[in-house]
Amino acid sequence: MNKISKLQYISQGNTWEEQVNNITTALNHGVKWVQLRWKESPKEQVFDLARLVKVWCMSNQAKLIINDHVDIAKSVNADGVHLGLADMNISDAKRLLGEGKIYGGTANSLEDIYLRIQEGCDYIGLGPFRFTATKLNLSPILGLEGYKNIIAHLKTLNSFPPIIAIGGIQLEDIKSLQDAGVYGVALSKYITETPQEVIKIQELL
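So, here is what we can say about the structure in this document. Keep in mind that what you see is a predicted model, and the values were worked out from it rather than measured.

1. Observations regarding the nonpolar core
Among soluble globular proteins, nonpolar side chains are generally buried collectively. Among the nonpolar cores identified, the biggest contains 54 residues, and Leu126, Val185, Ile191 and Ile201 are the most heavily contacted of them. With near-sequence residues (within four places) excluded, Leu126 lies in contact with Ala107, Asn108, Ser109, Ile113, Leu142, Tyr147, Ile150, Ile163, Ile164, Ala165 and Ile166. With eight residues, the next largest nonpolar core counts Ile4, Ile102, Tyr123 and Ala186 among its residues.

Right, dumping it as structure tokens:
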């Protein structure tokens, strides 16, 4: 199984220029996992950008995960996909992309996690930790206690996928999230605005 990065960068930007600038900056500062997420864009533009980002990621020994668009992930031979609860089912994505790829899924509750486990997720993006302006239609905020409660339940299972915390996470949150049993963190705005912090974050993880 492909190794799941403990630090995941979710790309940010409303325009082509913003996406390109933010992704290249993150890679230049040592990010090794880029989830290409560009919800507001026409699909053709996402495809064109994905082809570019795949090359940049290969040059930086970084993994490329495509948010939502399984067909684009297949076309550019991305390392995997990340699917929201309203996107394609993980099982269907596996039939399209095949084995050897990384399959991530969003979850907002313990029930969602059990669904994702049934589908065969490789990792779960669980959140939001706190309010984030990056996402429209935000699910209920989990907070630190929410993570603690969910992971306590998961520890009664024989095994469960790595849990990646997401949603408004700052540098000072990482230690307490790790103590709660979280495997890693997915950051968007924080890395976009302070890419120089990437090394510090990686040292904490």
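Additional details are given in the paragraphs that follow.
2. Here we look at the packing of aromatic side chains
Within this structure, the stated rule accounts for three aromatic pairs. Relative to Trp38, the ring of Trp16 lies with its centre 6.3 Å away and its plane at 55 degrees, an arrangement referred to as tilted. Residue Trp16 is found in helix α1 (residues 16-28), and its partner Trp38 is found in the loop between β2 (33-36) and α2 (43-59); the two are separated by 22 residues along the sequence. Judged by relative accessible area, Trp16 falls into the partly exposed class, the value being 26%. For Trp38, a relative accessible area of 5% translates into the label buried. Here the aromatic rings of Trp33 and Tyr123 are separated by 5.6 Å at their centres, their planes lie at 80 degrees, and the arrangement is edge-to-face. A residue pair is termed long-range when its members are at least 10 positions apart, and Trp33 in strand β2 and Tyr123 in strand β6 (residues 123-126) qualify at 90 residues.

3. Description of the packing of helix α5 (residues 110-119) against helix α6 (residues 143-154)
At a minimum axis distance of 10 Å, the contact between α5 and α6 shows a crossing angle of 40 degrees. With respect to each other, α5 and α6 are oriented oblique. Remark: the crossing between α5 and α6 carries right-handed chirality. Of the residues in α6, those touching α5 at Leu110, Ile113 and Tyr114 are Ile150, His153 and Leu154. Among the residues forming the contact of α5 with α6, the class breakdown is five nonpolar, one polar and no charged.

4. With respect to helix α4 (residues 90-97)
Of the positions making up α4, those classed as buried are Ile90, Ala93 and Leu97. For α4, the angular spread of the buried residues around the axis is 55 degrees, confining them to a single face. Of the surrounding elements, those touching the buried residues of α4 are α3 (70-75), β4 (80-83), β5 (102-107) and α5. Where α4 starts, the residue carrying a side-chain oxygen 2.6 Å from the main-chain nitrogen of Ser91 turns out to be Asn89.

5. Notes on the side chain of Gln19
Looking at where Gln19 falls in the secondary structure, it is placed in helix α1. Take Gln19: its relative accessible area is 0%, and that puts it in the buried class. Only 3.0 Å separates the side chain of Gln19 from the backbone oxygen of Gly13, close enough to count as a polar contact. A polar contact is formed between the side chain of Gln19 and the backbone oxygen of Arg37, at a distance of 3.0 Å.

6. Considering the packing of α1 against α2
Across the interface, α1 lies against α2 with an axial gap of 11 Å and an inter-helix angle of 15 degrees. Taken together, the axes of α1 and α2 lie roughly parallel to each other. Like other packed secondary-structure pairs, α1 and α2 cross with a definite hand, here right-handed. In contact with Trp16, Gln19, Val20, Ile23, Thr24 and Leu27 of α1, α2 contributes Gln45, Asp48, Leu49, Leu52, Val53, Trp56 and Cys57.

The rules behind these values
- Residues numbered from 1 in each chain as written.
- Predicted model: local features only at pLDDT ≥ 70, side-chain atom pairs only at ≥ 80, totals over all residues.
- Heavy atoms only, no water.
- Core = buried A, V, L, I, M, F, W, Y, C linked by side-chain atoms within 4.5 Å.
- Buried < 20%, exposed > 50% of the residue type's maximum accessible area, 1.4 Å probe, protein only.
- Contact = heavy atoms within 4.5 Å.
- Phe/Tyr/Trp six-rings, centres within 6.5 Å; stacked < 30°, edge-to-face > 60°.
- Helix = DSSP H or I, 4+ residues; strand = E, 2+ residues; numbered from the N terminus.
- Axes fitted to C-alpha atoms, helices over the stretch in contact; angles between N-to-C directions.
- Parallel < 35°, antiparallel > 145°, perpendicular 65-115°, else oblique.
- Left-handed = near helix turned anticlockwise from the far one by under 90°.
- Nonpolar A, V, L, I, M, F, W, Y, C, P; charged D, E, K, R; others polar.
- Arc of directions from axis to C-beta.
- Polar contact = N/O pair within 3.5 Å; in protein donor to acceptor, adjacent residues only side chain to side chain.

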